[in-house]
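Examining the three-dimensional arrangement
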Amino acid sequence: MSYISREQPSHSIPSSISIPPINIYALSGGDSIHVLSTENTELIQLEVRFNAGSWYQDKPFQALLTGKMLSEGTKSYNSKTIAETIDFYGGYYAISVNKDFSSMQFVLPKIYLHKVLPVIAEIIFESTIPDPELKIVKDNLNHQIKLDNQQGDILANKQLLSTMFGSNHPYGKSGTPEDVNHISREDITDFYKTCYLTKNATIFIVGNISDKDLKITQHYLSPSRQIVAASKKNYLIEPSKEQNVFICRNQSTQASIRIGKILFTKSHPDFIDLHIATTVLGGYFGSRLMSNLREDKGYTYGIGSFLTTYLNSGFFGISTEVGLEHTEAAIAEIYSEIDRLQKYTISDEELLRVKNYLTGSYLKNFDGSFNIMNQYISLISQNLTQNFTKDYLSSITKITSVRIQELFNRYLDKASLSEVVVGKSLKYN
């Protein structure tokens, strides 16, 4: 029997991603629209984004409840007819509110754009914030908060943010059912007027868009209105003096472990390289933490490390759930893996494996026009340009094991990390 030897295929990381041109237009109402034209789809993805996240609120849940109430009733529609009308024309929609932005995303057939746009315009500009629906939405939110507070992983996430940013910072504050009860209809209408009716929106649209489509979109989504300049809100980050927090839940069947540290946004010159470094630690299935705590020790089903970024800050985090009896050992192994990455450089083989993983994952994010626009929105939302994609791929090509070691020593010193554990009573230091 003879064997055929085959050479390994040559490996190269692309230097750039081919992104179709995205045209930006200033609309007569003061808003802007970003258009990605495609000829191979008859679907349209439309997103309208406002600076209306929790960063801008005066009371906990003011932004979230306003976002939830937008589609609960307008001048011409109630919540049922809004949902039925959009569904009738083959579309669907989602309204989301995060710490920095609120967004309304719609996907619908192009041929019905003129039918659905009037409904979208009413949701944005003529929401009536009806009292009966507000009571239901608040009751549902209260119920969700109570359920969340029974989940160790959610409690740990909230506590880590509070520990790092401070309990009064928009990125660290969570809120209680009592806070929901204290939000009045007037609080919501004030936020609605301040952040939606008198502020500019950014509109993103993907599809086979004609000039006629652009004109009708402008007509409905950028009407003439009195625009008030946005006032910049600044908040002081006040980390907790106690970096190690233990929350006792005697009903816990496992321990939720969170470790983190405030870092920076995506515009920081070290962001991409540190993102690659944290991938080595715990950013994919073959990572150091997964190999140690899952594959070798069997402490957990999954563990990850990551960089999370907001508009005004960001943080490094590690997240896992382990058996109660393994809590202290798991924490020790996490720090041990960080320590090893600070003391020793990783092998060329491991570095190549991480580079391949990151390249493939990143390229997948640009598969299809809708995904391309989602990536573009992510860049715009953090005040980045499309050069970021080129820089990302270039960083993967250039990064060395020595550079990764240097980043772990510069940013992830154990003394600088906050630690949260939610679980049963145990000896915990």
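Residues numbered from 1 in each chain as written. Predicted model: local features only at pLDDT ≥ 70, side-chain atom pairs only at ≥ 80, totals over all residues. Heavy atoms only, no water.

Bringing the sheet that holds strand S3 (residues 43-50) into the picture now. Across a sheet, paired strands are connected by hydrogen bonds in the backbone, their directions being either parallel or antiparallel. In space, the six strands of this open sheet follow the order S1-S2-S6-S3-S5-S4, with mixed pairing throughout. In the strand order of this sheet, the two ends are held by strand S1 (23-26) and strand S4 (92-97), each with one partner. Ignoring which end each strand starts from, the neighbouring axes of this sheet average 15° apart. For S3 and strand S5 (residues 102-109), the ladder comprises eight bridges, and the chain directions are antiparallel. Within S5, the residue paired with Ile44 across the bridge is Leu108. (Pairing = 2+ DSSP bridges. Helix = DSSP H or I, 4+ residues; strand = E, 2+ residues; numbered from the N terminus. Axes fitted to C-alpha atoms, helices over the stretch in contact; angles between N-to-C directions.)

With that settled, the discussion passes to unusual backbone geometry. Backbone geometry at Phe61 places phi at a positive 75°, although glycine is not the residue there. Relative to the helices and strands, Phe61 resides in the loop between S3 and helix H1 (62-69). One non-glycine residue, Asn383, lies in the positive phi region at around 60°. The topology assignment puts Asn383 in the loop between helix H13 (369-381) and helix H14 (387-398).

Attention now moves to the nonpolar core. Judged by nonpolar contacts, the single largest core of 58 residues is most densely connected at Ile318, Ile334 and Ile338. Looking at this core element by element, the count peaks at seven residues for helix H9 (residues 271-282). The next biggest cluster of nonpolar side chains, apart from the first, holds 35 residues, and it includes Ile44, Ala63, Leu108 and Leu113. (Core = buried A, V, L, I, M, F, W, Y, C linked by side-chain atoms within 4.5 Å. Buried < 20%, exposed > 50% of the residue type's maximum accessible area, 1.4 Å probe, protein only.)

What follows covers the sheet that holds strand S10 (residues 314-323). Across the sheet, five strands lie side by side as S7-S11-S8-S10-S9; this open sheet has mixed pairing. A single partner strand is all that each edge strand has here, and the edge strands are strand S7 (244-248) and strand S9 (303-309). When the angles between neighbouring strand axes are averaged without regard to direction, this sheet yields 15°. Sheet analysis places S9 next to S10, joined by seven bridges and oriented antiparallel. Among the inter-strand pairings, Leu307 is bridged to a residue of S10, identified as Phe316. The sheet strands contacting helix H5 (residues 152-165) are S7, strand S8 (254-262), S10 and strand S11 (418-423), and the helix crosses S8 at an angle near 25°. Sheet contacts for H9: S9 and S10; angle to S9, the most-contacted strand, approximately 165°. (Contact = heavy atoms within 4.5 Å.)

On to the side chain of Arg225, then. Relative to the assigned elements, Arg225 resides in the loop between helix H8 (211-221) and S7. Given a relative accessible area of 18%, Arg225 falls into the buried group. With sequence-adjacent residues up to four places away left out, Arg225 is seen in contact with Gly29, Asp31, Phe125, Tyr196, Leu197, Lys199, Asn200 and Ala201.

Right, let's talk about the pattern of salt bridges for a bit. Across all of its chains, the model carries 21 salt bridges by this definition. Taking the shortest distance from any N to any O, the salt bridge between Arg49 and Glu47 comes out at 3.0 Å. A relative accessible area of 15% means that Arg49 is categorised as buried. Residue Lys297 is joined to Asp296 by a salt bridge in which the shortest nitrogen-to-oxygen separation is 3.2 Å. Note on Lys297: relative accessible area 32%, which makes it partly exposed. Linked by salt bridges that have partners in common, Asp270, Asp273, Arg403, Glu406 and Arg410 make up one network. (Salt bridge = Lys/Arg side-chain N within 4 Å of Asp/Glu carboxyl O.)

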